[in-house]
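# Architecture at a glance
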Amino acid sequence: MKRVHWVSLLLMVSALSAWYFLAEPSAPIEIEKAASPKPISPTSKAPVQSVAAPVVEQKQQEQVELSEQFGLVASAYAAELETPSYSKPLLASDLNTAEFVPQQVPIEGGGSVAIVPNKYRFSFPESIQAELVVTGISLSEVSVSVRNEWTGEDLWQQAIQAQDGRWLIDIKPGKDWDGQLELAVDFQARSEQQTLRTGIEYSQPVAWVLAVDDSFGEGADLVIPLKLDVLVAGDYRVRAQLFTDGGQPLAALVQEKKLSQGKQTIDMKAYKSVLQQYGGDFVLKALVVEKRPSKPGDLTRYGASKAAEFLVPAFAIGQLSDDPPVVTDEEQQRLEFLKQMSNAR
(Lines give C-alpha, C1' and ligand atoms only; values in the text may rest on other atoms or scores of the structure.)
Protein backbone atom coordinates (compact mmCIF):
# COMPACT_ATOMS: atom_id res chain seq x y z
CA MET A 1 0.00 0.00 0.00
CA LYS A 2 1.34 3.43 -0.94
CA ARG A 3 0.90 5.32 2.29
CA VAL A 4 0.66 9.11 2.45
CA HIS A 5 3.58 10.29 4.58
CA TRP A 6 3.57 13.71 6.24
CA VAL A 7 6.16 15.16 3.83
CA SER A 8 4.10 14.42 0.73
CA LEU A 9 0.98 15.58 2.58
CA LEU A 10 2.64 18.87 3.45
CA LEU A 11 3.63 19.42 -0.18
CA MET A 12 0.08 18.74 -1.31
CA VAL A 13 -1.29 21.11 1.32
CA SER A 14 1.10 23.85 0.21
CA ALA A 15 0.04 23.46 -3.40
CA LEU A 16 -3.66 23.45 -2.53
CA SER A 17 -3.26 26.50 -0.29
CA ALA A 18 -1.43 28.45 -2.98
CA TRP A 19 -4.12 27.62 -5.50
CA TYR A 20 -6.89 28.52 -3.03
CA PHE A 21 -5.53 31.94 -2.15
CA LEU A 22 -4.07 32.95 -5.50
CA ALA A 23 -6.66 31.69 -7.98
CA GLU A 24 -9.01 34.60 -8.74
CA PRO A 25 -11.78 35.04 -11.32
CA SER A 26 -10.92 36.74 -14.56
CA ALA A 27 -11.22 40.54 -14.56
CA PRO A 28 -14.71 41.74 -15.62
CA ILE A 29 -15.02 42.83 -19.23
CA GLU A 30 -15.04 46.61 -19.52
CA ILE A 31 -17.29 48.13 -22.19
CA GLU A 32 -16.12 51.45 -23.47
CA LYS A 33 -18.97 53.95 -23.89
CA ALA A 34 -19.35 55.76 -27.19
CA ALA A 35 -18.90 59.52 -27.33
CA SER A 36 -22.57 59.96 -28.27
CA PRO A 37 -25.49 57.52 -28.27
CA LYS A 38 -26.24 55.85 -31.55
CA PRO A 39 -29.42 54.03 -32.46
CA ILE A 40 -29.16 50.28 -32.70
CA SER A 41 -29.85 49.07 -36.17
CA PRO A 42 -31.57 45.73 -36.78
CA THR A 43 -28.23 44.19 -37.72
CA SER A 44 -26.46 45.46 -34.62
CA LYS A 45 -25.24 42.93 -32.04
CA ALA A 46 -27.14 42.50 -28.82
CA PRO A 47 -25.80 44.30 -25.75
CA VAL A 48 -22.93 42.52 -23.95
CA GLN A 49 -24.30 40.53 -21.03
CA SER A 50 -22.75 40.66 -17.58
CA VAL A 51 -20.38 37.75 -16.78
CA ALA A 52 -20.19 38.45 -13.06
CA ALA A 53 -22.74 35.81 -12.00
CA PRO A 54 -21.19 32.88 -13.92
CA VAL A 55 -17.74 33.80 -12.60
CA VAL A 56 -19.00 33.87 -9.01
CA GLU A 57 -20.71 30.51 -9.45
CA GLN A 58 -17.54 29.02 -10.92
CA LYS A 59 -15.48 30.36 -8.01
CA GLN A 60 -17.92 28.90 -5.49
CA GLN A 61 -17.77 25.52 -7.21
CA GLU A 62 -13.97 25.62 -7.19
CA GLN A 63 -13.99 26.43 -3.47
CA VAL A 64 -16.26 23.46 -2.78
CA GLU A 65 -13.98 21.14 -4.77
CA LEU A 66 -10.91 22.50 -2.99
CA SER A 67 -12.54 21.97 0.41
CA GLU A 68 -13.30 18.38 -0.56
CA GLN A 69 -9.64 17.88 -1.52
CA PHE A 70 -8.54 19.24 1.85
CA GLY A 71 -11.02 16.88 3.49
CA LEU A 72 -9.44 13.89 1.76
CA VAL A 73 -5.96 15.02 2.78
CA ALA A 74 -7.11 15.58 6.38
CA SER A 75 -8.60 12.08 6.54
CA ALA A 76 -5.43 10.52 5.13
CA TYR A 77 -3.24 12.46 7.55
CA ALA A 78 -5.42 11.51 10.51
CA ALA A 79 -5.08 7.84 9.51
CA GLU A 80 -1.31 8.33 9.27
CA LEU A 81 -1.23 9.53 12.88
CA GLU A 82 -2.95 6.37 14.12
CA THR A 83 0.43 4.63 14.14
CA PRO A 84 3.76 6.19 15.18
CA SER A 85 6.31 7.13 12.53
CA TYR A 86 8.75 4.47 13.78
CA SER A 87 6.28 1.60 13.19
CA LYS A 88 4.07 1.58 10.10
CA PRO A 89 1.97 -1.26 8.64
CA LEU A 90 3.82 -3.23 5.97
CA LEU A 91 1.96 -4.72 3.01
CA ALA A 92 3.13 -6.79 0.06
CA SER A 93 3.15 -3.71 -2.18
CA ASP A 94 5.85 -2.16 0.05
CA LEU A 95 8.26 -5.06 -0.33
CA ASN A 96 11.38 -5.34 -2.48
CA THR A 97 11.79 -1.56 -2.71
CA ALA A 98 15.60 -1.94 -2.71
CA GLU A 99 15.70 -4.40 -5.60
CA PHE A 100 17.53 -3.35 -8.74
CA VAL A 101 15.16 -2.43 -11.57
CA PRO A 102 16.83 -3.34 -14.89
CA GLN A 103 16.12 -1.65 -18.20
CA GLN A 104 16.09 -3.58 -21.46
CA VAL A 105 18.16 -1.74 -24.07
CA PRO A 106 16.93 -2.39 -27.65
CA ILE A 107 19.55 -3.27 -30.26
CA GLU A 108 19.34 -1.93 -33.79
CA GLY A 109 18.01 -4.68 -36.03
CA GLY A 110 16.05 -6.37 -33.22
CA GLY A 111 16.70 -7.91 -29.83
CA SER A 112 17.62 -6.37 -26.48
CA VAL A 113 20.27 -6.57 -23.75
CA ALA A 114 20.13 -5.71 -20.03
CA ILE A 115 22.58 -5.82 -17.11
CA VAL A 116 20.78 -7.24 -14.06
CA PRO A 117 22.70 -7.12 -10.73
CA ASN A 118 21.09 -9.17 -8.00
CA LYS A 119 20.77 -5.93 -5.98
CA TYR A 120 21.82 -2.30 -6.08
CA ARG A 121 23.87 -1.93 -2.87
CA PHE A 122 26.74 -4.28 -2.01
CA SER A 123 28.96 -4.38 1.10
CA PHE A 124 32.50 -5.66 1.43
CA PRO A 125 33.50 -8.50 1.25
CA GLU A 126 30.55 -9.82 -0.77
CA SER A 127 31.05 -10.36 -4.48
CA ILE A 128 29.14 -8.42 -7.13
CA GLN A 129 26.84 -10.84 -8.91
CA ALA A 130 24.86 -9.95 -12.01
CA GLU A 131 23.62 -11.38 -15.28
CA LEU A 132 23.68 -10.05 -18.81
CA VAL A 133 20.18 -10.86 -20.07
CA VAL A 134 20.12 -11.23 -23.85
CA THR A 135 16.91 -11.52 -25.91
CA GLY A 136 16.67 -12.16 -29.65
CA ILE A 137 20.33 -11.56 -30.52
CA SER A 138 23.71 -13.32 -30.42
CA LEU A 139 26.72 -11.73 -28.71
CA SER A 140 30.46 -12.26 -28.98
CA GLU A 141 33.66 -10.82 -27.50
CA VAL A 142 31.92 -9.99 -24.22
CA SER A 143 33.95 -8.34 -21.44
CA VAL A 144 32.98 -6.75 -18.14
CA SER A 145 34.65 -3.83 -16.38
CA VAL A 146 34.19 -1.85 -13.16
CA ARG A 147 35.05 1.83 -12.75
CA ASN A 148 34.86 4.16 -9.75
CA GLU A 149 32.42 6.91 -10.74
CA TRP A 150 33.90 9.37 -8.23
CA THR A 151 37.56 9.09 -9.28
CA GLY A 152 37.26 7.62 -12.79
CA GLU A 153 39.69 4.85 -11.77
CA ASP A 154 39.39 1.51 -13.61
CA LEU A 155 39.09 -1.16 -10.93
CA TRP A 156 38.52 -4.45 -12.74
CA GLN A 157 38.13 -5.96 -16.22
CA GLN A 158 37.63 -9.48 -17.50
CA ALA A 159 36.26 -11.34 -20.53
CA ILE A 160 33.32 -13.69 -19.86
CA GLN A 161 31.75 -16.62 -21.68
CA ALA A 162 28.17 -17.83 -21.77
CA GLN A 163 27.43 -20.80 -19.50
CA ASP A 164 24.49 -22.95 -20.57
CA GLY A 165 23.18 -19.99 -22.55
CA ARG A 166 23.49 -17.50 -19.68
CA TRP A 167 25.98 -14.63 -19.32
CA LEU A 168 26.76 -14.70 -15.59
CA ILE A 169 28.94 -12.08 -13.89
CA ASP A 170 30.76 -12.72 -10.59
CA ILE A 171 33.23 -10.03 -9.50
CA LYS A 172 35.53 -10.35 -6.48
CA PRO A 173 35.95 -6.83 -5.07
CA GLY A 174 39.11 -5.13 -3.91
CA LYS A 175 39.52 -4.16 -0.26
CA ASP A 176 39.53 -0.47 -1.17
CA TRP A 177 36.37 -0.46 -3.30
CA ASP A 178 33.98 2.12 -1.90
CA GLY A 179 31.26 4.38 -3.31
CA GLN A 180 29.41 4.66 -6.61
CA LEU A 181 30.66 2.18 -9.21
CA GLU A 182 29.94 1.82 -12.91
CA LEU A 183 29.46 -1.70 -14.21
CA ALA A 184 30.05 -1.84 -17.99
CA VAL A 185 29.70 -4.64 -20.52
CA ASP A 186 31.38 -4.41 -23.95
CA PHE A 187 30.21 -6.79 -26.68
CA GLN A 188 29.95 -7.42 -30.40
CA ALA A 189 26.46 -7.61 -31.90
CA ARG A 190 25.81 -7.80 -35.64
CA SER A 191 29.47 -6.90 -36.30
CA GLU A 192 29.22 -3.71 -34.25
CA GLN A 193 31.02 -2.98 -30.97
CA GLN A 194 28.60 -1.81 -28.30
CA THR A 195 28.76 -0.90 -24.59
CA LEU A 196 26.10 -1.19 -21.90
CA ARG A 197 26.51 0.55 -18.51
CA THR A 198 24.71 0.62 -15.18
CA GLY A 199 25.42 2.03 -11.74
CA ILE A 200 25.74 0.16 -8.44
CA GLU A 201 26.94 1.08 -4.96
CA TYR A 202 29.69 -0.67 -3.04
CA SER A 203 30.54 0.23 0.54
CA GLN A 204 33.01 -0.59 3.25
CA PRO A 205 30.63 -1.14 6.22
CA VAL A 206 30.72 1.49 8.96
CA ALA A 207 28.77 -0.82 11.30
CA TRP A 208 27.69 -4.46 11.51
CA VAL A 209 24.38 -5.83 12.77
CA LEU A 210 25.34 -8.79 14.95
CA ALA A 211 22.15 -10.18 16.49
CA VAL A 212 18.85 -9.39 18.21
CA ASP A 213 18.50 -9.54 21.97
CA ASP A 214 15.46 -10.71 23.93
CA SER A 215 12.40 -8.63 23.06
CA PHE A 216 10.18 -7.04 25.72
CA GLY A 217 7.08 -4.89 26.06
CA GLU A 218 7.16 -1.16 26.70
CA GLY A 219 3.79 0.56 26.78
CA ALA A 220 2.10 -0.20 23.45
CA ASP A 221 5.38 -1.25 21.78
CA LEU A 222 7.14 -4.55 21.30
CA VAL A 223 10.81 -3.62 21.68
CA ILE A 224 13.39 -5.61 19.69
CA PRO A 225 16.96 -4.71 20.78
CA LEU A 226 19.33 -4.80 17.83
CA LYS A 227 23.01 -5.39 18.68
CA LEU A 228 25.58 -3.64 16.50
CA ASP A 229 29.35 -3.37 16.21
CA VAL A 230 29.93 0.28 15.25
CA LEU A 231 33.21 0.94 13.42
CA VAL A 232 32.64 4.66 12.82
CA ALA A 233 30.80 6.76 15.40
CA GLY A 234 28.03 9.07 14.24
CA ASP A 235 24.30 9.60 13.75
CA TYR A 236 22.66 6.40 12.54
CA ARG A 237 19.31 5.41 11.11
CA VAL A 238 18.31 1.74 11.04
CA ARG A 239 15.40 0.42 8.98
CA ALA A 240 13.98 -3.10 9.07
CA GLN A 241 10.90 -5.08 8.12
CA LEU A 242 9.04 -7.37 10.51
CA PHE A 243 7.27 -10.53 9.32
CA THR A 244 5.51 -13.50 10.84
CA ASP A 245 7.53 -16.71 10.69
CA GLY A 246 5.18 -17.71 7.87
CA GLY A 247 6.22 -14.75 5.74
CA GLN A 248 3.25 -12.41 6.29
CA PRO A 249 4.44 -8.77 6.32
CA LEU A 250 3.58 -6.86 9.49
CA ALA A 251 5.56 -3.68 10.06
CA ALA A 252 8.16 -1.32 8.63
CA LEU A 253 10.38 -0.20 11.52
CA VAL A 254 12.81 2.71 11.73
CA GLN A 255 14.91 4.17 14.54
CA GLU A 256 17.54 6.91 14.74
CA LYS A 257 20.28 7.18 17.34
CA LYS A 258 23.73 8.68 17.88
CA LEU A 259 26.09 5.73 18.28
CA SER A 260 29.63 5.61 19.66
CA GLN A 261 32.30 3.28 18.35
CA GLY A 262 32.16 -0.28 19.68
CA LYS A 263 29.34 -2.59 20.72
CA GLN A 264 26.04 -0.70 20.77
CA THR A 265 22.30 -1.41 20.92
CA ILE A 266 19.44 0.30 19.12
CA ASP A 267 15.84 -0.58 20.03
CA MET A 268 13.52 -1.28 17.12
CA LYS A 269 9.89 -0.82 18.19
CA ALA A 270 6.74 -2.38 16.74
CA TYR A 271 3.45 -0.69 17.72
CA LYS A 272 0.72 -2.99 19.00
CA SER A 273 -1.87 -2.36 16.27
CA VAL A 274 0.51 -3.29 13.42
CA LEU A 275 1.22 -6.69 15.01
CA GLN A 276 -2.38 -7.75 14.30
CA GLN A 277 -2.65 -9.85 17.50
CA TYR A 278 -0.15 -12.31 16.00
CA GLY A 279 0.95 -14.91 18.57
CA GLY A 280 3.85 -16.75 16.91
CA ASP A 281 7.51 -16.09 16.23
CA PHE A 282 8.57 -13.06 14.22
CA VAL A 283 11.29 -12.59 11.61
CA LEU A 284 13.25 -9.34 11.28
CA LYS A 285 14.89 -8.79 7.89
CA ALA A 286 15.66 -6.31 5.09
CA LEU A 287 17.88 -4.37 7.48
CA VAL A 288 19.43 -1.12 6.25
CA VAL A 289 21.99 0.67 8.41
CA GLU A 290 22.75 4.26 7.40
CA LYS A 291 25.29 6.66 8.88
CA ARG A 292 24.16 10.22 8.27
CA PRO A 293 26.61 12.78 6.83
CA SER A 294 28.46 14.51 9.68
CA LYS A 295 28.95 17.74 7.71
CA PRO A 296 27.87 19.27 4.39
CA GLY A 297 29.56 17.54 1.48
CA ASP A 298 29.86 14.18 3.25
CA LEU A 299 28.02 11.20 1.83
CA THR A 300 25.69 8.77 3.54
CA ARG A 301 27.63 5.65 4.55
CA TYR A 302 26.16 2.21 5.08
CA GLY A 303 26.55 -0.72 7.39
CA ALA A 304 25.85 -4.40 6.81
CA SER A 305 24.32 -7.35 8.62
CA LYS A 306 25.98 -10.60 9.63
CA ALA A 307 22.75 -12.42 8.74
CA ALA A 308 20.01 -11.81 6.19
CA GLU A 309 17.32 -12.22 8.86
CA PHE A 310 16.90 -12.74 12.59
CA LEU A 311 14.34 -14.76 14.52
CA VAL A 312 12.36 -12.87 17.17
CA PRO A 313 10.67 -15.28 19.61
CA ALA A 314 6.91 -15.06 20.16
CA PHE A 315 5.61 -12.45 22.57
CA ALA A 316 2.24 -12.15 24.30
CA ILE A 317 0.86 -9.15 22.42
CA GLY A 318 -2.00 -8.89 24.89
CA GLN A 319 0.49 -7.66 27.51
CA LEU A 320 1.02 -4.46 25.54
CA SER A 321 -1.06 -1.42 26.48
CA ASP A 322 -3.67 0.23 24.29
CA ASP A 323 -2.11 3.67 24.63
CA PRO A 324 -2.57 5.80 21.52
CA PRO A 325 0.57 7.00 19.74
CA VAL A 326 2.02 10.32 20.86
CA VAL A 327 1.09 13.15 18.50
CA THR A 328 3.41 16.16 18.52
CA ASP A 329 2.12 19.72 18.72
CA GLU A 330 3.28 20.32 15.15
CA GLU A 331 1.39 17.28 13.88
CA GLN A 332 -1.76 18.31 15.76
CA GLN A 333 -1.58 21.85 14.38
CA ARG A 334 -1.14 20.50 10.85
CA LEU A 335 -4.20 18.27 11.27
CA GLU A 336 -6.30 21.14 12.64
CA PHE A 337 -5.27 23.33 9.71
CA LEU A 338 -6.36 20.66 7.23
CA LYS A 339 -9.70 20.26 8.99
CA GLN A 340 -10.30 24.00 8.97
CA MET A 341 -9.51 24.23 5.26
CA SER A 342 -11.85 21.32 4.53
CA ASN A 343 -14.68 23.24 6.22
CA ALA A 344 -13.95 26.50 4.43
CA ARG A 345 -16.53 27.65 1.91
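Structure: see above.
Keep in mind the model is a prediction, meaning the values are calculated, not measured.

### So, the environment of Gly179
Positionally, Gly179 belongs in strand β9 (residues 179-189). According to the relative accessible area criterion, Gly179 is buried, its value standing at 5%. For the pair Gly179 and Thr151, spaced 28 residues apart in sequence, the C-alpha separation works out to 9.9 Å. Setting aside residues no more than four positions away along its own chain, Gly179 makes contact with Trp150, Ile200, Glu201 and Tyr202.

### Regarding the sheet that holds strand β7 (residues 154-159)
Strand order in the open sheet formed by 5 strands is β4-β10-β9-β6-β7, with mixed pairing between adjacent strands. Both outer strands of the open sheet, β4 (121-123) and β7, are each paired with one neighbouring strand and no more. Averaged over all adjacent pairs, the angle separating strand axes in this sheet is 30 degrees, with direction ignored. Sheet topology places β4 next to strand β10 (residues 192-203); 3 bridges connect them, and they run parallel. From the neighbouring strand, Arg121 faces β10, where its bridge partner is Glu201.

### Things to note about the packing of aromatic side chains
Within this structure, the stated rule accounts for 2 aromatic pairs. With a centroid separation of 5.3 Å and 70 degrees between ring planes, the pair formed by Tyr278 and Phe282 is classed as edge-to-face. Taking NZ or CZ as reference, Lys285 lies 4.4 Å from the ring centre of Phe243, over its face. The aromatic ring of Trp208 is capped on one face by Lys306, whose charged end is 4.2 Å from the ring centroid.

### Quick word on the environment of Phe243
As for its placement among the helices and strands, Phe243 is situated in strand β14 (residues 234-244). Note: C-alpha distance between Phe243 and Leu90 (153 residues apart in sequence) is 8.7 Å. When near neighbours in sequence (up to four residues on either side) are disregarded, Phe243 contacts Leu90, Leu95, Gln248, Pro249, Leu250, Asp281, Phe282, Val283 and Lys285.

Here is what the cut-offs are and how they apply
- Residues numbered from 1 in each chain as written.
- Predicted model: local features only at pLDDT ≥ 70, side-chain atom pairs only at ≥ 80, totals over all residues.
- Heavy atoms only, no water.
- Helix = DSSP H or I, 4+ residues; strand = E, 2+ residues; numbered from the N terminus.
- Buried < 20%, exposed > 50% of the residue type's maximum accessible area, 1.4 Å probe, protein only.
- Contact = heavy atoms within 4.5 Å.
- Pairing = 2+ DSSP bridges.
- Axes fitted to C-alpha atoms, helices over the stretch in contact; angles between N-to-C directions.
- Phe/Tyr/Trp six-rings, centres within 6.5 Å; stacked < 30°, edge-to-face > 60°.
- Lys NZ or Arg CZ within 6 Å of the ring centre and 35° of its normal.

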